[in-house]
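# Inside the fold
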Amino acid sequence: MSNEIYECDVPLEDYTEGIVATKEEIAEMCKRLGERISNDYKGEPLILICVLKGGFMFMSDLSKNISIPVEMDFIAVSSYGASTKSSGVVRLVKDTDTPVTGKHVLIVEDIIDTGLTLSYLKNLFSTRNPLSVKVCTAFDKPDRRKVEVDVEYSGIVIPDEYVVGYGLDYNGLFRNLPDLRILKKSVYVK
Ligand code: 5GP
C-alpha cells in the first residue's frame, strides 16, 4: 500500500469524527458567495485563481454559481507536507500562466489557517499589475491566525480542528469526502 495510513476495507468516514459542514451547507455557501461575486464584479474583467490542490472542489462549485464571464487559472503552493501543522514557509510549486495585468484577481482558497499562504499569494499577485487582489475562502479558522489578512469573501467559519474532505487532505487522502469532517487524532498522533 503506497499510503501507510490507509486500509482498503475501512470506509473513509471511519477515520473522521464529527461533520463540521454538511454537503447542503457547503452548497448553500457556494450559492451565496457566487451570487455576491457576480454582483460585485459585474462588467469587470475577473480572473479566479484556484489554490491547488485543496481548492479544486470549491473552485468547481463556486464557479458554477458565478453568472458573469470569468477566466480561471491554477496555482500550487505547499506549506504543510505530510503534517497537520503549517511549516510556516510557503513554497510556490506551480505558477499561473494567464496574465493578470488589468484584471481583478480573486484568489480561491480552501481554508485559511495561519494566513501565511494568503498573505504570500496576495503579495505575489499585487506585483503583477492587477486592478485588485481579493480573497474568497470556503472555510476559515480565525483563531489560528498568525498574520492579518483581509478576507473579502468568507464561506464558513470553523473551530480550530484539523479538517478533511471537500478537497482538503491528510497525507494526500480524504479529498473526495463530500462534506467537511474532523480527522480523528489517532490518524496523525502516534
Ligand atoms: P495557512 O497558510 O493559512 O496556515 O494555511 C493554508 C493552507 O493550509 C490551506 O490551503 C490548506 O491547504 C492547509 N490547511 C490549513 N488548515 C487545514 C486543515 O484543517 N485541514 C487541511 N486538510 N488542510 C489545512
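We now turn to the structure provided with this report.

Reading guide: rules and limits
- Residues numbered from 1 in each chain as written.
- Predicted model: local features only at pLDDT ≥ 70, side-chain atom pairs only at ≥ 80, totals over all residues.
- Heavy atoms only, no water.
- Pairing = 2+ DSSP bridges.
- Helix = DSSP H or I, 4+ residues; strand = E, 2+ residues; numbered from the N terminus.
- Axes fitted to C-alpha atoms, helices over the stretch in contact; angles between N-to-C directions.
- Contact = heavy atoms within 4.5 Å.
- Core = buried A, V, L, I, M, F, W, Y, C linked by side-chain atoms within 4.5 Å.
- Buried < 20%, exposed > 50% of the residue type's maximum accessible area, 1.4 Å probe, protein only.
- Near = heavy atom within 4 Å.
- Polar contact = N/O pair within 3.5 Å; in protein donor to acceptor, adjacent residues only side chain to side chain.
- Areas by Shrake-Rupley, 256 points an atom, 1.4 Å probe, with all protein chains shown as cover.
- Nonpolar A, V, L, I, M, F, W, Y, C, P; charged D, E, K, R; others polar.

## Considering the sheet that holds strand β9 (residues 180–183)
- In space, the three strands of this open sheet follow the order β1-β9-β8, with antiparallel pairing throughout. The strands lining the two open edges of the sheet, one partner per strand, are β1 (16–21) and β8 (163–164).
- Here β1 pairs with β9 via four bridges, running antiparallel. Across the sheet, Thr-16 pairs through a bridge with Leu-183, a residue of β9.

## A few points about the pairing of β9
- Note that β8 and β9 share two bridges and pair antiparallel. Bridging across to β9, Val-164 finds its partner in Arg-181.

## Some points on the sheet that holds strand β3 (residues 71–78)
- Spatially, the six strands line up as an open sheet ordered β4-β3-β2-β5-β6-β7, and their pairing is mixed. Of all the strands in the sheet, just β4 (91–94) and β7 (153–157) have a single pairing partner and so form its edges. Averaged over all pairs of adjacent strands, the angle between their axes in this sheet comes to 30 degrees, without regard to strand direction.
- Note: strand β2 (residues 46–52) against β3, six bridges, orientation parallel. Following the sheet pairing, Leu-48 is matched in β3 by Met-72.

## Notes on the environment of Ile-19
- Note on placement: Ile-19 falls in strand β1.
- C-alpha of Ile-19 to C-alpha of Val-163: the two residues are 144 residues apart in sequence and 9.1 Å apart in space.
- Among all residues touching Ile-19, those that are not within four sequence positions of it are Asp-179, Leu-180 and Arg-181.

## Brief notes about the nonpolar core
- Core analysis: the biggest nonpolar cluster contains 30 residues, and Met-29, Ile-37, Phe-58, Leu-62, Leu-106, Cys-136 and Phe-139 have the highest contact counts within it.
- Looking at this core, the elements with two or more residues in it are α1 (23–40), β2, α2 (56–64), β5 (104–112), β6 (132–140), β7 and β9.
- Of all the elements, α1 adds the most residues to this core, at five residues.
- Those residues in contact with Phe-139, other than ones at most four positions away along the chain, are Ala-21, Ile-26, Met-29, Asp-110, Ile-111, Ile-112, Ile-156, Ile-158, Tyr-166, Leu-168 and Leu-180.

## Digging into the environment of Asn-65
- Within the fold, Asn-65 resides in the loop between α2 and β3.
- Separated by 21 residues in the primary sequence, Asn-65 and Glu-44 have C-alpha atoms spaced 17 Å apart.
- Sequence-distant contacts of Asn-65, that is, excluding residues within four places in its chain, are made with Cys-30, Lys-31, Gly-34, Glu-35 and Ser-38.

## Some remarks on the site of the ligand
- Taken together, the neighbourhood of the ligand is formed by 16 residues, with Asp-110, Thr-114, Thr-117, Val-163 and Asp-169 sitting nearest.
- A distance of 3.5 Å separates an oxygen atom of the ligand from a polar backbone atom of Glu-161.
- Summarising the interface, the protein chains cover 92% of the accessible area of the ligand, which totals 510 Å² for the free molecule.
- Looking at side-chain class alone, the shell around the ligand contains seven nonpolar, three polar and six charged residues.

## Details of unusual backbone geometry
- With an omega of 0 degrees, the peptide bond between Leu-52 and Lys-53 qualifies as cis.
- Looking at the element boundaries, Lys-53 is found in the loop between β2 and α2.
- Of note, the phi angle at Asn-129 is positive, near 55 degrees, even though the residue is not glycine.
- In this structure, Asn-129 sits in the loop between α3 (116–126) and β6.

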